[in-house]
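So you can see what is in the structure, the chains are spelled out below.
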Amino acid sequence: VEYGSLEDLRAAVATKRNGAPQDPRIVADATAFCAALPEDAWPLWHFGELDARGGPGLAIQRWPRECVLQRELPFIKGGHRFGPLDDLPLPPSPLAYVLRAFGADAFSV
């Protein structure tokens, strides 16, 4: 899902799937990484849904750093393998994406 601004991203997290407002601390935690990005990083793209029940807010809460930044586009066409998945596109700097999304210990855990 494309988010044009930090406000758009926060709005995706601000409502629980039952329609109730989300705790503002959860919204702040889920969007903290993206809030620290410079203005020219927007728009960015984040997961659309975790599953049929979760919606984008739940995916952003669980994986707040797993977004695709504008400077990481266009993706390299498919043909790449990752675990059981075939024919995946990759960002131009896949190592930078993995380190950002999963942390510095991504290859040692």
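Residues numbered from 1 in each chain as written. Predicted model: local features only at pLDDT ≥ 70, side-chain atom pairs only at ≥ 80, totals over all residues. Heavy atoms only, no water.

For the rest of this paragraph, the subject is the overall build of the protein. Secondary structure assignment for the protein yields 4 helices and 5 strands. In the protein, the succession of helices and strands from N to C terminus is β-α-α-β-α-β-β-β-α. Each of the three principal axes of the protein carries a C-alpha extent, and together these read 40 × 30 × 25 Å. Counting every atom, the protein has about 7,000 Å² of accessible surface; 58% of that belongs to carbon and sulfur. Averaged over its 11 positive side-chain charges, the protein has a centre that lies 5 Å from the centre of its 14 negative ones. (Helix = DSSP H or I, 4+ residues; strand = E, 2+ residues; numbered from the N terminus. Areas by Shrake-Rupley, 256 points an atom, 1.4 Å probe, with all protein chains shown as cover. Lys, Arg positive; Asp, Glu negative; His and termini not counted. Charge placed at Lys NZ, Arg CZ, Asp CG, Glu CD.)

A separate point is the layout of surface pockets. Space inside the largest pocket adds up to approximately 570 Å³. Elements with a contribution of two residues or more to the lining of the largest pocket: strand S4 (76-82), strand S5 (85-90) and helix H4 (94-102). Across the lining of the largest pocket, the residue classes break down as 15 nonpolar, 3 polar and 2 charged. (1 Å grid on protein atoms, 1.4 Å probe; cavity = no way out; pocket = protein on both sides within 12 Å on 5 of 7 lines; lining within 4 Å. Points joined across faces, edges and corners; volume = space filled by probe spheres on them. Nonpolar A, V, L, I, M, F, W, Y, C, P; charged D, E, K, R; others polar.)

Ordered by their spatial adjacency, 3 strands build an open sheet running S1-S2-S3, and the pairing between neighbours is antiparallel. Edge positions in the open sheet fall to strand S1 (2-3) and strand S3 (68-69), since each of these has one partner strand only. (Pairing = 2+ DSSP bridges.)

A few words now on the confidence of the model for the protein. In the predicted model, the protein carries a mean pLDDT of 84, and the fraction of residues at 70 or more is 92%. Averaged pLDDT values for the elements of the protein fall to 77 in helix H3 (residues 55-62) and rise to 94 in helix H2 (residues 24-35). (pLDDT = per-residue confidence, 0-100.)

Moving on: the pattern of salt bridges. Here the structure, examined in full by the defined rule, presents 3 salt bridges. Measuring nitrogen to oxygen at the nearest pair gives 2.7 Å for the salt bridge that ties Arg-25 to Asp-23. Judged by relative accessible area, Asp-23 falls into the partly exposed class, the value being 25%. (Salt bridge = Lys/Arg side-chain N within 4 Å of Asp/Glu carboxyl O. Buried < 20%, exposed > 50% of the residue type's maximum accessible area, 1.4 Å probe, protein only.)

Tallying each qualifying case throughout the model produces 0 disulfides. Cysteine Cys-34 shares no disulfide, and the gap to the nearest cysteine sulfur, in Cys-67, comes to 4.1 Å. Judged by its relative accessible area of 1%, Cys-34 falls in the buried class. Given the relative accessible area of 0%, Cys-67 is considered buried. (Disulfide = S-S within 2.5 Å.)

So, about the side chain of Glu-66. Inspection of the secondary structure assignment puts Glu-66 in the loop between H3 and S3. One buried charged residue, Glu-66, forms no salt bridge at all, with the nearest opposite charge on Arg-100 at 8.5 Å. Apart from the residues within four sequence positions on either side, Glu-66 is in contact with His-46, Phe-47, Tyr-97, Ala-101 and Phe-102. (Contact = heavy atoms within 4.5 Å.)

Along H4, the positions that sit buried rather than exposed are Tyr-97, Arg-100 and Ala-101. Looking down the long axis of H4, one finds its buried residues gathered within 95° of arc, a one-sided arrangement. Positioned one or two residues after H4, Gly-103 has a phi angle of 95°, which is positive. (Arc of directions from axis to C-beta.)

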